[in-house]
Amino acid sequence: MWQELFQSGSLLLPESPSPAPLSAESGFPLSANILTLVFVLLLIMQLKRFFELVPSLLDSVFRARGSFQLENSYRLSHDRTVLSLTFIIPAVLLVFRYRLYNPAFLQGLDSNLYLAAVVGLALGYILLRLVLFLWLRPRKYRDQYNLAGRLFFTFFILLMLLVLTTVGICVLVGVNDFIIRDLIYIESAFVYGIFLVRRAQILSLFCNPFRTFLYLCGLEFFPTALLIVSAVVL
């Protein structure tokens, strides 16, 4: 009888060893923490200028004339450009944290390599926009053309302020990362749409509608489509 009891028993524990716990690589690597610290220090240094810029930045959203007034002030225009360059750091960190750009050729990389790739791609995207801007620059009406080009800095700052505020609130509330990523996409598309309208308004000051559309195709639609297609196809 005892022999039959022992033979009818079953093993409830798994035969294979349990998986190892996640390593610290699943969080922010040291390089990302360093970038975060650099951004915070740079933002603190520019905090006074930032608060002085806010009214002009918001005015550029609601009125096309607001962009002209901002550009007419050399100090405000310079501070705006420097601040926009500073916000490239959190933009890269958001892409890294929520995998906003995650094509197949970047999958499988460890955290440090993926962050380095995102930094390189961000610099490449900026360089592409700069090359297109210089290549398509007209011989006449360069002041209006340059104004339309520098408008990108203004709306990039506004986008980052909106996205960082949204992400901060979502993290505090405990929103799922996938929902946060979708919110970032939606807000980016919304701000980008307003930016295109304002840029078209400025370009239309010296271009007919067809030429304005061609400028938008070369300066905006092409680099943006290239970024999206590379994320989906590659």
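This report concerns the structure included in the present document.

1. Remarks on a nonpolar patch on the surface
Judged by side-chain polarity, Leu227, Ile228, Val229, Val232 and Val233 come together as a nonpolar surface patch covering roughly 470 Å² of accessible area. Along the chain, Val229 falls in helix α10 (residues 209-233). The partly exposed category is assigned to Val229, whose relative accessible area is 47%.

2. Examining the side chain of Ser84
The topology assignment puts Ser84 in helix α5 (residues 74-86). Overall, Ser84 belongs to the buried group, its relative accessible area being 3%. The residues contacting Ser84, other than those within four sequence positions of it, are Phe153, Phe156 and Ile157.

3. Points about unusual backbone geometry
Peptide bonds are, in most cases, trans, and in most cases residues other than glycine have a negative phi. Positive phi, normally seen in glycine, also occurs at Arg99, with a value near 50 degrees. Among the secondary structure elements, Arg99 is positioned in the loop between α6 (88-98) and α7 (111-135). Judged by its relative accessible area of 28%, Arg99 is partly exposed.

4. A closer look at the packing of α6 against helix α8 (residues 142-173)
Interhelical geometry of α6 versus α8 gives an angle of 45 degrees and a closest axis separation of 10 Å. With respect to their mutual orientation, α6 and α8 come out oblique. Pair α6 / α8 crosses with left-handed handedness. When α6 is examined against α8, the residues Ile88, Pro90, Ala91, Leu94 and Tyr98 are found in contact with a partner set consisting of Phe156, Met160, Val163, Leu164, Val167 and Val171. Taken together, the residues of the contact of α6 with α8 break down into eleven nonpolar, no polar and no charged.

What counts as what
Residues numbered from 1 in each chain as written. Predicted model: local features only at pLDDT ≥ 70, side-chain atom pairs only at ≥ 80, totals over all residues. Heavy atoms only, no water. Patch = residues over 30% accessible without salt bridge, like charges linked within 9 Å, V, L, I, M, F, W, Y side chains within 5 Å. Areas by Shrake-Rupley, 256 points an atom, 1.4 Å probe, with all protein chains shown as cover. Salt bridge = Lys/Arg side-chain N within 4 Å of Asp/Glu carboxyl O. Helix = DSSP H or I, 4+ residues; strand = E, 2+ residues; numbered from the N terminus. Buried < 20%, exposed > 50% of the residue type's maximum accessible area, 1.4 Å probe, protein only. Contact = heavy atoms within 4.5 Å. Axes fitted to C-alpha atoms, helices over the stretch in contact; angles between N-to-C directions. Parallel < 35°, antiparallel > 145°, perpendicular 65-115°, else oblique. Left-handed = near helix turned anticlockwise from the far one by under 90°. Nonpolar A, V, L, I, M, F, W, Y, C, P; charged D, E, K, R; others polar.

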